[in-house]
Amino acid sequence: MVEKILTVQNRAGIHARPAAIIAQTANKFESEVSLTKDGATVNAKSIMGVIAMGACYNTQLTLTTEGSDESEAAASIEELFNSRFEED
């Protein structure tokens, strides 16, 4: 299992477009990919789940990946957050 703390760095937060990018990226991997905010965990492969978190600017989320390609999945999702979803 890989666990990383990620910070939402884009000013608009996780709205529909970033949520779709997260879900599309997570779905490329066999591993389970989840995001946790304030004790609530969602499946990162679900656009609606990711949007429902209500993660705004500077929110910290815990990314957890578990499975055969967990390291690659975690690195790919982390890169999305670091690139601010190419919005800013």
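Criteria and cut-off values
- Residues numbered from 1 in each chain as written.
- Predicted model: local features only at pLDDT ≥ 70, side-chain atom pairs only at ≥ 80, totals over all residues.
- Heavy atoms only, no water.
- Core = buried A, V, L, I, M, F, W, Y, C linked by side-chain atoms within 4.5 Å.
- Buried < 20%, exposed > 50% of the residue type's maximum accessible area, 1.4 Å probe, protein only.
- Helix = DSSP H or I, 4+ residues; strand = E, 2+ residues; numbered from the N terminus.
- Contact = heavy atoms within 4.5 Å.
- Salt bridge = Lys/Arg side-chain N within 4 Å of Asp/Glu carboxyl O.

A.B. asks: So what exactly am I meant to see when it comes to the nonpolar core here?
C.D. replies: Among soluble globular proteins, nonpolar side chains are generally buried collectively. Grouped together as the largest cluster of nonpolar side chains are 23 residues, with contacts concentrated most on Ile14, Ile22, Leu35, Ile77 and Phe81. Contributions of two or more residues to this core are made by strand E1 (2-7), helix H1 (16-26), strand E2 (32-37), strand E4 (60-66) and helix H3 (70-82). If one sorts the elements of this core by residue count, H3 sits on top with five residues. For Ile77, the residues in contact, after removing those within four places along its chain, are Leu6, Ile22, Thr25, Ala26, Val33 and Leu63.

A.B. asks: What is the right way to look at the pattern of salt bridges in this model?
C.D. replies: Scanning all chains against the criterion turns up two salt bridges. The salt bridge partner of Glu78 is Lys4, with a shortest N-O separation of 3.1 Å. On the criterion of sequence distance, the pair formed by Glu78 in helix H3 and Lys4 in strand E1 is long-range, its members being 74 residues apart. Look at Lys4 and you get partly exposed, because its relative accessible area is 25%. Put simply, Arg17 and Glu87 hold a salt bridge, and the shortest N to O gap is 3.2 Å. On the criterion of sequence distance, the pair formed by Arg17 in helix H1 and Glu87 in the segment after H3 is long-range, its members being 70 residues apart. The class of Arg17 is partly exposed, set by a relative accessible area of 39%.

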